[in-house]
Amino acid sequence: MIALAGFRLVAYVRSHRVYQALLLTLALLAIVHGSRAPRGAEATVLVDGAVLLVPILAWAARSLLDTEPDRQREMSAIQAGGRGREVAAGLLAAFTACAVFAALGLLWALLLGITGSPPSGLLLAALALYVLSALAGTALGALTSRAVLPSPAISIMSLLLGFLGMLLLSSTSLYWLTVPLIPWMKAANSGTGELLGAFPGLGAISLAWCLIGLAAYGRLRRRS
């Protein structure tokens, strides 16, 4: 399974699809962190960057999973010892790619987006939030990949509408029904203390929905 995940990562890079997500990531980071934020705004900068990266990370995960032809994917399932291992290898490869882009976003924010050094508590919270962002992007990208949605047009529309749906639903009192992107941003805008206080609840909701999305993808793939 590890070998298959590595194979898919190499194929993703050699196919040059990785550069699509890389260019989008660099463009977004250049816009979001075009100027350093003043002292005291560290929480807002770090959280906004993690939230806005989600659709690009989903694009990266979808592109990686779509790199392998359908027949090759079936052969990979046989060689890996079953459909379950093949699905797990794809998710591992997709999450690894998303984690690399998320790490790039976090480093850019820390080096070029803020004026001072964030407190250790905020830094740990930001690190965890970027991991959750990578998980959310992996889940959304996997659910809109070709193995689930064969039509490229429907796949891309579903990815964009899925992210917009997260934003709209999380802006209401029913934010717990999705990954709470807007509550994350509101907590950050209220200050570091408010963000750290809200972190356990929002983190648990985010992690739960990411795991539900990944489990749904695994179930759909095993039944297909």
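Identification of the chain as Xanthosine utilization system XapX-like protein from Nonomuraea rubra is taken from an unreviewed UniProt entry.

Moving on, we get to the packing of helix α3 (residues 42-52) against helix α7 (residues 120-143). Contact geometry of α3 with α7 gives a least axis separation of 9 Å together with a crossing angle of 10°. One element, α3, and the other, α7, form an angle in the roughly parallel class. Contacts from E42, A43, L46, V47, G49 and A50 of α3 reach α7 at L122, A126, L129, Y130 and S133. Each residue belonging to the contact of α3 with α7 can be placed in one class, and the counts come to eight nonpolar, two polar and one charged.

UniProt's feature table lists "transmembrane region" (unreviewed entry) at residues 44-65, 86-110, 122-144, 156-177 and 197-217, given in the numbering used throughout. Annotation note: span residues 122-144, helix share 96%, strand share 0%, distance between end C-alpha atoms 33 Å. Between the C-alpha atoms that bound residues 156-177 there is a distance of 22 Å. The span itself is 68% helix and 0% strand.

Quick look at helix α9 (residues 181-189) now. Buried within α9 are the following residues: L181, I182, P183, W184, A187 and A188. Buried residues in α9 make contact with α3, α4 (54-67), α7, α8 (152-170) and α10 (192-223). Following α9 by one or two positions, G191 has its phi on the positive side, about 120°.

Analysis parameters
Residues numbered from 1 in each chain as written. Predicted model: local features only at pLDDT ≥ 70, side-chain atom pairs only at ≥ 80, totals over all residues. Heavy atoms only, no water. Axes fitted to C-alpha atoms, helices over the stretch in contact; angles between N-to-C directions. Helix = DSSP H or I, 4+ residues; strand = E, 2+ residues; numbered from the N terminus. Parallel < 35°, antiparallel > 145°, perpendicular 65-115°, else oblique. Contact = heavy atoms within 4.5 Å. Nonpolar A, V, L, I, M, F, W, Y, C, P; charged D, E, K, R; others polar. UniProt positions renumbered as here; feature names shortened; annotations may be inferred. Buried < 20%, exposed > 50% of the residue type's maximum accessible area, 1.4 Å probe, protein only.

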